[in-house]
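Now for the letters of each chain:
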Amino acid sequence: MFFLDVSAWTLQNILIRLVAAMVLGGVIGIDQGSKRRGGGARTDASVCVGAAIVMMTGQYIEIRYPGAADMTRMASQVVSGVGFLGAGSIMVSGHQIKGLTSAAGIWICACIGLAVGIGFVDGAFLTTGILLIGLHIMPVVEERLYQYSGYVSLYVEADEGGASAEFLHRLKMDGCKVDRFDVDKSGAGIQSFTILATIRLPKDLKRDEYIEELYRLQGIRSIDIM
């Protein structure tokens, strides 16, 4: 253990585990809620405490009725079952999928709760700290790396009548590497197409200025960077 051993089955340790689960889940929920993401403090704290009590119930059964239950099986049911809750936070909005990080946050809250429930509180605290640091640092690192990579994903709405072909021709003429170019009809009765494209821009092209140039092409209604 690093700094705290609460694995012994005592009333004090049970209370410490439940409070620790509530605090750690609440901290993660508050962090996500402050960005208007995820289920918030109450949801994440509830998931964490629920997972902790499941793990403690498994330990209690093992103490009172040795061999009657498998704690690892109970933990696996929590890890798989909480996926249904996480799936509820994933939304498909037009051409974007939102909520994947929130769903992962709910899942990891359950994992932290299991760790606390069995008495591995020090590992739970370290995991929470690393998670929060990572959630704040990763977006900055991703943005820097994506800018240097030159790759960009575009969602384009184009008029019917060769606009999509003209758009692809322009990309190739400008030296863009086209990794993906999917054209689909927006819907029945709507005279427009949607284009999902992933391209790599040449180093001499600036992303925002080039997107503005593409927007001026005839037949292009809108361009969004995904």
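Residues numbered from 1 in each chain as written. Predicted model: local features only at pLDDT ≥ 70, side-chain atom pairs only at ≥ 80, totals over all residues. Heavy atoms only, no water.

A. Region of interest: the environment of Thr 57. Position of Thr 57 relative to the elements: it lies in helix H2 (residues 40–64). Sequence separation between Thr 57 and Ala 69 is twelve residues; the distance between their C-alpha atoms is 10.0 Å. Only 2.6 Å separates the side chain of Thr 57 from the backbone oxygen of Ile 53, close enough to count as a polar contact. (Helix = DSSP H or I, 4+ residues; strand = E, 2+ residues; numbered from the N terminus. Polar contact = N/O pair within 3.5 Å; in protein donor to acceptor, adjacent residues only side chain to side chain.)

B. Layout of the environment of Ile 14. Checked against the element boundaries, Ile 14 lands in helix H1 (residues 11–33). The spatial distance from the C-alpha of Ile 14 to the C-alpha of Met 56 is 8.0 Å, given a sequence separation of 42 residues.

C. Quick peek at H2. In this model H2 runs 36 Å from its N-terminal to its C-terminal C-alpha over 25 residues, within 8% of the 36 Å that 1.5 Å per residue would give. Taken residue by residue, H2 has Gly 40, Asp 44, Ala 45, Val 47, Cys 48, Val 49, Ala 51, Ala 52, Met 55, Met 56, Gly 58 and Gln 59 as its buried positions. (Expected span 1.5 Å × (residues − 1). Buried < 20%, exposed > 50% of the residue type's maximum accessible area, 1.4 Å probe, protein only.)

D. Structural context of the state of the cysteines. Summed over the entire model, instances satisfying the criterion amount to zero disulfides. Looking at Cys 48, it has no disulfide partner, and the nearest cysteine sulfur is the one in Cys 109, 5.5 Å off. Residue Cys 48 is classed as buried on the basis of its relative accessible area of 1%. No disulfide involves Cys 111; its sulfur sits 9.2 Å from the nearest other cysteine sulfur, which is in Cys 109. (Disulfide = S-S within 2.5 Å.)

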